[in-house]
Amino acid sequence: MTLVKKPYFGVRFVDNRTGRGVPLVEARTVSEQLLVSDSDGWIAFYEPELMGREVWLSVFSHGYSLPADGFGYRGVRVTPRSGQSASVALTRENRAERLCRLTGEGIFRDSVLLGRRKPTGALPGGVVGQDSALAAAYRGKLYWFWGDTSRAGYPLGNFQTSGATAPLSTDPEKGIAFSYFTDPATGFCRPLLPLPGPGPVWVTGVAAIEGGTKLVAFFNRVNAKMEAQERGLALWDDDKARFFPVASFDANAPMPLSGHPFLHDGWLYGSREGSDPLPCVRVRPTLAALKNPAAYERLSVAPLALRDRKTGRSVVAHSGSVRYNTYRKKWIMIVLEKFGKSSNVGDVWYAEASTLSGPWENALQIVRHEHMDFYNPVHHLFFDKENYIYFEGTYVNTFSGNPEKTPFYNYNQILYRLNLETI
């Protein structure tokens, strides 16, 4: 029997403001076949019984839409023919623009099937899912670290911190080419902070200190109830390409510093558990100071009192990051809302303050995810350029109450950009 290559029909979904392809667009046939656009905005369609005839695709995408018809259906009619394509412009309702998926399988899958991109070869790092990113510029490279990491070969993967590097010159608008720290025998992400006790090991507070010559991370080892069993500070070993513990902290006390820290005026600022993302603690950025619990200073900061600047509605903050922005000449906060209108932890807000201590009050929603999670968002200062900032977060259904898992995207990192001229 001779196998015939499937002659795909392409549909590209584009942002009506920028013309850029929109990732994470769900297109569903009347018979409930679900296709999801890749990071270039393409879906590759091939159904033998539907080629050459009119097909209705119901279209849904978080923060993007098409107008409803007289019956309330939102979608598009296409006539799929091999080798042909169609373009569909979506109205962007989010202020921030979804750029691409950063981790997992098939980031440009449909573009490859349509012959618009060359196959990339092996699955990078063997990764199909990654949780909660932390990143820092260190020794001429960008370093990323993640929590629990899924692999293709079995439902359980790496639970002791995964990581990768990328060039310092990376253009985020073209995606990120990660070079993962892998096990040579399996090709899968190897543990970067393996501890002898049982339970996942998660890092927080990743920072380059002492003039960028050392890279540190705070860590928790937790039990099945997510209770801390061990807490400490770890130092990156360049030769062995992994973290090693260098200090222990009281597992029953809050971590001295957590979140996404930053350097300012000779101090390393970060948050404390329960106050994320407020920069309410600081310490001198030396290894000796970070190892000493008495060296951390608690700061008096205005409590978060975020309100929707349009409606006055209270916005309950959950997690995020704070960075200084030279374009706005303000401190800016990218923050997740807890129990938002669209999702339990899926709506992202922007706020500004003239000083680190606040007040942080007026907020503007920049991203929504309908009944899906997008937690632990982090603004990457090293990508800032003129009026654009870039932030990523974890897209998943875990806390949303939604049983549906979006193919390829679920439990992976998605990158957004925000044009500060629209604020």
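Residues numbered from 1 in each chain as written. Predicted model: local features only at pLDDT ≥ 70, side-chain atom pairs only at ≥ 80, totals over all residues. Heavy atoms only, no water.

Participant: Could you give me a rundown of the sheet that holds strand β15 (residues 179-180), with the residues and numbers involved?
Facilitator: Pairing is antiparallel in the open sheet, where four strands are placed in the order β11-β12-β14-β15. With partners counted over all chains shown, the strands left at the sheet margins are β11 (134-138) and β15, one partner each. (Pairing = 2+ DSSP bridges. Helix = DSSP H or I, 4+ residues; strand = E, 2+ residues; numbered from the N terminus.)

Participant: Could you give an account of the sheet that holds strand β1 (residues 9-15), naming the residues involved and the relevant values?
Facilitator: Here we have four strands laid out as an open sheet, ordered β4-β1-β8-β6, and mixed in their pairing. Among the strands making up the open sheet, the edge pair consists of β4 (42-45) and β6 (64-65). Here β1 runs beside β4; their pairing, made up of four bridges, is antiparallel. Of the residues in β4, the one forming a bridge with Val 11 is Ile 43.

Participant: Give me the lowdown on the nonpolar core, citing residues and values where you can.
Facilitator: Burial of nonpolar side chains together is a common tendency in soluble globular proteins. Within the largest apolar cluster, 21 residues are counted, with the highest numbers of intra-cluster contacts made by Tyr 350, Ile 366, Phe 391 and Leu 418. Every element with two or more residues in this core is listed here: β26 (330-337), β27 (347-353), β28 (362-367), β30 (388-396) and β31 (412-419). Other than its neighbours up to four places away in sequence, Tyr 350 contacts Arg 328, Ile 332, Met 333, Ile 334, Asn 362, Ala 363, Leu 364, Ile 366, Leu 418, Leu 420 and Ile 423. (Core = buried A, V, L, I, M, F, W, Y, C linked by side-chain atoms within 4.5 Å. Buried < 20%, exposed > 50% of the residue type's maximum accessible area, 1.4 Å probe, protein only. Contact = heavy atoms within 4.5 Å.)

Participant: Account for the side chain of Asp 347, naming residues and giving values.
Facilitator: Summarising the element assignment, Asp 347 is placed in strand β27. For the buried residue Asp 347, which engages in no salt bridge, the nearest side chain bearing the opposite charge is Arg 313, 6.0 Å off. Polar side-chain contacts of Asp 347 include one of 3.1 Å to the backbone nitrogen of Ser 342. With residues near it in sequence (within four places) discarded, Asp 347 still touches Val 335, Leu 336, Glu 337, Gly 340, Lys 341, Ser 342, Gln 365, Val 367, Arg 368 and His 369. (Lys, Arg positive; Asp, Glu negative; His and termini not counted. Salt bridge = Lys/Arg side-chain N within 4 Å of Asp/Glu carboxyl O. Polar contact = N/O pair within 3.5 Å; in protein donor to acceptor, adjacent residues only side chain to side chain.)

Participant: Describe the pattern of salt bridges, listing the residues and the values that go with them.
Facilitator: Per the counting criterion, the structure on display carries 18 salt bridges. For Arg 109, the salt bridge is made with Asp 110, and the minimal N-O distance between the two is 3.4 Å. Each of the salt bridges in this network shares a partner with another, and the network as a whole consists of Glu 97, Asp 171, Glu 173, Lys 385 and Arg 417.

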